[in-house]
Structures are given as C-alpha cells and as structure tokens.
Amino acid sequence: MMHAFERFGLLINDRIVRTPVGIASMAGIVDASYVLERAGNIGFAFIGGYSIDAPTMAAARSLSAGSDRKEFLYENPVQELKTQIAKMEESNVILGINLRGSSPESFRSLAKAIGDSVIYEIDAHCRQPAMVAAGCGEYYLKNPGGLVDAVRALKEEGVTVSVKFRVGVTGDDRELAVALWKAGADILHVDLMDAGSAKLRQIRNSCPLMIIANNSITTFDRMREMLSHGADLVSLARQSDERTLAGLDAAITRFADEEGWYNAPKQLCRGGDIRALTFCCMPVKECPLIPTLARIGMPRDDYIRMKLESVQGTPLEQGSQTCFGSLAWCCKISSPCMFRNMTLKQAGISAKEYMHLKRELSETIMSRVFP
Ligand SMILES: Cc1cc2nc3c(=O)[nH]c(=O)nc-3n(C[C@H](O)[C@H](O)[C@H](O)COP(=O)(O)O)c2cc1C
Ligand code: SF4
Ligand code: SF4
C-alpha cells in the first residue's frame, strides 16, 4: 500500500487510497456486495443511498411502491449500515455511506451509533420529489443553511464528511463550496452533469477541499480532463462495471508512474486551475497570472515572497541558469525548455521527481491561498 501513497498521495480517513477511481452510490443497487465484486479495481466507494430517519424512510418506501425504482428498505438503518460496513471490514476499499437525512440530529445520532470508520456522505443530490419533500437531497441545495448545519453536526462527532451534489442547482456553486469548506466538510462529491471542466475549475478555485468529479467519466480522456481541472478523484455509478473500472485504474496508474503527478493542472494560461500557480513565473508581463492574483487578493510582492519561501530548503530553490533564478518559477515539464532541463540534469532530478516537487509546492501554495 505504501507504493500507492507514493504514486497518488491520497489519504482519506487516515487511510491510503489505492487508486483515484471509485464507485458512486445508486439507491437499491450499490451495497457492500456490489462493491466487493469490484474491489480489485477501485480505491473508494459510496454505498447507498440509505435513508436514516422516519421522513426519508417513508419517502424511500413511497418511491419504490408501485414502481420499478429500487431503494434500500429496512426497519432499522443503524443495524443495516452496521451489517454493510462489517462486510467491508477485510477490504482495502475506502468506504463511504451515502445518506438521506432530514435533520442535523439524524446525522449526529447515526454518527454516534456507527463511529468514524467510514466517510459520511450527505445526499444533497437526489431530486425525487418525495425525497425533496422529506427535506433531503436537492432540498439542501435550495436551503444551504440546513446543509451547513448537517455538516457541522457530523463534524462535531469527529467523522469525515463528504457532500454529494449536482452543479447548477443552488444559486452559486462557488458560494456553496466556500460555505461547506467553512462548515468543516472534507470532500465535495460533484455531479458535473454536462457542465464540463470549467465549472469544476470554478469550484477548485473556491476552496481547498478534496474533490471527487462525477458523471459520465467512463474514458481515460474524460478522467484526465477532470483531474487536470481540479479533481482529486473520479467516481462512476451507471457504468461502474468491472471492465470500465479496471481500464481507468490501469490507465491512471500507468500515467502516474510515467508523469509523477497524476492530477497535474494545465498551466494557468492554458486554462489551468489555481494549483497551476506552482508553474507560474514572476509577474512581469500581462498574462492570466495578474487577474488571478487580483481575484485571490494576493499582492504581487506577497506572491513572490510566498513562492520563494515555499521552496526554501527544497531542490526547487536552485536554478541560477533559469529565467528567474529558481526552479520555483519554472514551467510544467511538458513545456520544452533547455535551461530548466539542464538545471534538472545537473541536480540529478528526474522529470518525474520535478513534477512531484511541483505538486508539493502547489500544496503549500493552496494552504497559503486558503488558510
Ligand atoms: C439508479 C440510480 C440511483 C442513484 N441513487 C443515488 C443515491 O441514492 N444517492 C446519490 O447521491 N446519488 C445517486 N445516484 C446518482 C449517481 O451516484 C451519479 O451521481 C449519477 O448517476 C451520475 O454519475 P454516472 O454518470 O457515473 O452514473 C443514483 C443514480 C442512479 C442511476
Ligand atoms: S505566469 Fe507564465 S505560466 Fe503563469 S499564466 Fe503567465 S505566462 Fe502562463
Ligand atoms: S527557464 Fe524555462 S522552464 Fe524556467 S521559467 Fe524560463 S522558460 Fe520556463
């Protein structure tokens, strides 16, 4: 497992995520057995959605009655979830439970009963009228105050929290992301619908949370597009068959081993997200760096100081033959440059290690931009 950490650097719930490919919940379908059948090809999975209180359990019953819509139905949600979680005990898949709850107290009491071994994912996604009327799913996107309260209740119990939502439903997805970050959420599980990577980049540029991109991510090209615009992981629901998952897992593993940073952003001037500041040079010309600094409220001198301080004592500090005297300012390895490459060669730093170091620099930058 240590190798997986060196490769992807992903930790959730203090556990190493083997691969950034996972399964998103489908009510009545994705349970522990479904996940275990695919466990060899995924790093994480959200089982559910499970209704956890009287109003949402009644909604689940009404949804499945007289239709072919599947729901998980039971008398006792705690018992059912404990049974499912126990089945996953021997697996190294990081487990999340997708939950429909209508009040902060419902989430709190579930967390008290189940503990911190799983990710608690609030379903702010479901748009079935009965669920929305019960006060969960998309209800939360129209009433973000209730969602924030639910996140806070879970965080008071010390558990890891994800929020699953569809973009374009709430007033402003960026404001929602900031509110969830401030409330203590750990993960945003974002159904991008057909909004594309520009929407993902907006959310990435609003908060430092871990992001799982979702919706029709069934090819390596689409997965790469998401990872290079701010996603840390991707999830699949409808096409979470073994063949698709295995293909994505193998392709991203190979890519990470070759490139050193599996979700490296594009450069800022090529549409990259805020993490791309790691590749930006000194602000000496009119280019997208200037408006980006203005947007995050960082004066030019603070930006220069931040980058220089962040590489102090690291191999990126050197680079007297490069444009600005330090590899801190140097471009992505895919931009050809003999000065940077000469410096790397003299310092014995491989292209892959260079990208690894740039990733560490981007993490420092993110922690400064979003203190
Ligand atoms: C049958 C079905 C049931 C679903 N149930 C849930 C659910 O309970 N909770 C949830 O957050 N999302 C649910 N979803 C949404 C999926 O997790 C996912 O966001 C959506 O299908 C888009 O991803 P995909 O293109 O990989 O399928 C469901 C989707 C389907 C098709
Ligand atoms: S500083 Fe360099 S890399 Fe960054 S946006 Fe400007 S030209 Fe592009
Ligand atoms: S030396 Fe090369 S890689 Fe570094 S900033 Fe200049 S052009 Fe970019």
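Notes on the structure in this doc start here. (Residues numbered from 1 in each chain as written. Chains lettered and ligands numbered in written order. Predicted model: local features only at pLDDT ≥ 70, side-chain atom pairs only at ≥ 80, totals over all residues. Heavy atoms only, no water.)

### Regarding the overall build of the chain
Link 1 in the chain: Within the chain, the secondary structure is distributed over 16 helices and ten strands.
Link 2 in the chain: Its C-alpha atoms give the chain a radius of gyration of 22 Å, near enough to 21 Å, the size a compact globule of 371 residues would have.
Link 3 in the chain: Along the first, second and third principal axes, the C-alpha set of the chain runs to 70 × 40 × 35 Å.
Link 4 in the chain: Residue burial in the chain is summarised as follows: out of 371 residues, 56% are buried. (Helix = DSSP H or I, 4+ residues; strand = E, 2+ residues; numbered from the N terminus. Rg over C-alpha atoms; globule rule 2.2 N^0.38 Å. Buried < 20%, exposed > 50% of the residue type's maximum accessible area, 1.4 Å probe, protein only.)

### A word on helix α13 (residues 289–296)
Link 1 in the chain: For α13, the set of buried residues is L289, T292 and L293. The arc enclosing the buried residues of α13, seen along the axis, measures out at 100 degrees, which places them on a common side.
Link 2 in the chain: On its buried face, α13 is in contact with α14 (300–311).
Link 3 in the chain: At the exit of α13 stands G297, carrying a positive phi of roughly 70 degrees. (Arc of directions from axis to C-beta. Contact = heavy atoms within 4.5 Å.)

### Quick word on helix α11 (residues 220–227)
Link 1 in the chain: Of all the residues in α11, the buried ones are R222, M223, M226 and L227. Buried residues in α11, looked at end-on, bunch into an arc of 135 degrees, giving them a common side.
Link 2 in the chain: Lining the buried residues of α11 we find β3 (21–23), α10 (197–204), β9 (210–214), β10 (233–236) and α12 (242–259).

### Side note on the sheet that holds β10
Link 1 in the chain: Spatially, β3-β4-β5-β6-β7-β8-β9-β10 is the arrangement adopted by the eight strands of the closed barrel, whose pairing is parallel. Each neighbouring strand pair of the sheet contributes to a mean axis angle of 25 degrees, computed without reference to strand direction.
Link 2 in the chain: When strand β8 (residues 187–191) meets β9, the two strands line up parallel, connected through five bridges. Bridging from a neighbouring strand, D191 pairs with N214 of β9.
Link 3 in the chain: Contacts between helix α8 (residues 144–156) and the sheet are confined to β6 (119–123) and β7 (160–166), with β7 contributing the most and set at about 160 degrees to the helix. (Pairing = 2+ DSSP bridges. Axes fitted to C-alpha atoms, helices over the stretch in contact; angles between N-to-C directions.)

### A word on the pattern of salt bridges
Link 1 in the chain: Following the criterion strictly, the structure yields 21 salt bridges and no others.
Link 2 in the chain: In this structure, R18 and D249 form a salt bridge, with 2.9 Å as the shortest nitrogen-oxygen distance. With a gap of 231 residues between them, R18 in the loop between β2 (15–16) and β3 and D249 in helix α12 connect regions that are remote in the sequence.
Link 3 in the chain: Classification of R18 as partly exposed rests on a relative accessible area of 21%.
Link 4 in the chain: Classification of D249 as buried rests on a relative accessible area of 7%.
Link 5 in the chain: Of the charged contacts in the structure, one is a salt bridge between E363 and R359, with a shortest N-O distance of 3.1 Å. With E363 and R359 both in helix α16 (residues 351–369) and four residues apart, this pair spans about one turn of that helix. (Salt bridge = Lys/Arg side-chain N within 4 Å of Asp/Glu carboxyl O.)

### Quick word on the side chain of T160
Link 1 in the chain: The topology assignment puts T160 in strand β7.
Link 2 in the chain: Reaching out from T160, the side chain makes a polar contact with the side chain of N13 at a distance of 2.6 Å.
Link 3 in the chain: Apart from residues lying up to four places away in sequence, T160 is in contact with I12, N13, V118, I119, Y120, K155, D186 and I187. (Polar contact = N/O pair within 3.5 Å; in protein donor to acceptor, adjacent residues only side chain to side chain.)

### Side note on the site of ligand 3
Link 1 in the chain: Near ligand 3, the surroundings consist of T322, C323, W329, C330, C331, C337, F339 and R340.
Link 2 in the chain: Each residue belonging to the shell around ligand 3 can be placed in one class, and the counts come to six nonpolar, one polar and one charged. (Near = heavy atom within 4 Å. Nonpolar A, V, L, I, M, F, W, Y, C, P; charged D, E, K, R; others polar.)

### A word on the site of ligand 2
Link 1 in the chain: In the vicinity of ligand 2, the contacting residues are Q267, L268, C269, F279, C280, C281, K285, C287, P288 and L289.
Link 2 in the chain: For the shell around ligand 2, the residue count by class is eight nonpolar, one polar and one charged.

### So, the packing of α11 against α12
Link 1 in the chain: Running from N to C, α11 and α12 point in directions that differ by 55 degrees, and their axes come no closer than 10 Å. Classed by the angle they form, the pair α11 and α12 counts as oblique. The crossing of α11 and α12 is right-handed. Residues F220, M223, R224 and L227 of α11 form the contact with α12, whose participating residues are L248, A251, I252 and F255.
Link 2 in the chain: Tallied by class, residues from the contact of α11 with α12 come to seven nonpolar, no polar and one charged. (Parallel < 35°, antiparallel > 145°, perpendicular 65-115°, else oblique. Left-handed = near helix turned anticlockwise from the far one by under 90°.)

### Comments concerning the pairing of β6
Link 1 in the chain: The buried fraction of β6 amounts to five of the five residues, a majority that puts the element mostly inside the structure.
Link 2 in the chain: Side-chain alternation along β6 places I119, E121 and D123 on one buried face and Y120 and I122 on a second face that is also buried.
Link 3 in the chain: Pairing of strand β5 (residues 94–100) with β6 involves four bridges; the strand directions are parallel. If you follow N98 over to β6, its bridge partner there is E121.
Link 4 in the chain: Regarding topology, helix α5 (residues 104–114) serves as the crossover connection from β5 to the parallel β6, and that connection is right-handed.
Link 5 in the chain: Of the strand pairs in this sheet, β6 and β7 are connected by five bridges, and their pairing is parallel. (Right-handed = clockwise from strand over helix to strand, strands pointing away.)

### A short note on the packing of aromatic side chains
Think of a pair of aromatic rings as described by two things: how far the centres are apart, and how the planes are tilted against each other in angle.
Link 1 in the chain: Within the structure shown, the criterion is met by nine aromatic pairs.
Link 2 in the chain: Judged by centre distance (5.5 Å) and plane angle (90 degrees), the rings of W181 and F370 are edge-to-face. One end of the pair, W181, is in helix α9 (residues 173–183); the other, F370, is in the segment after α16, and 189 residues separate them in sequence. An identical accessibility class is assigned to W181 and F370; each is buried.
Link 3 in the chain: Following the ring pairs from residue to residue traces out a cluster consisting of Y50, F72 and Y74.
Link 4 in the chain: The cationic tip of R38 hangs over the ring face of Y34; the distance from NZ or CZ to the ring centre is 3.5 Å. (Phe/Tyr/Trp six-rings, centres within 6.5 Å; stacked < 30°, edge-to-face > 60°. Lys NZ or Arg CZ within 6 Å of the ring centre and 35° of its normal.)

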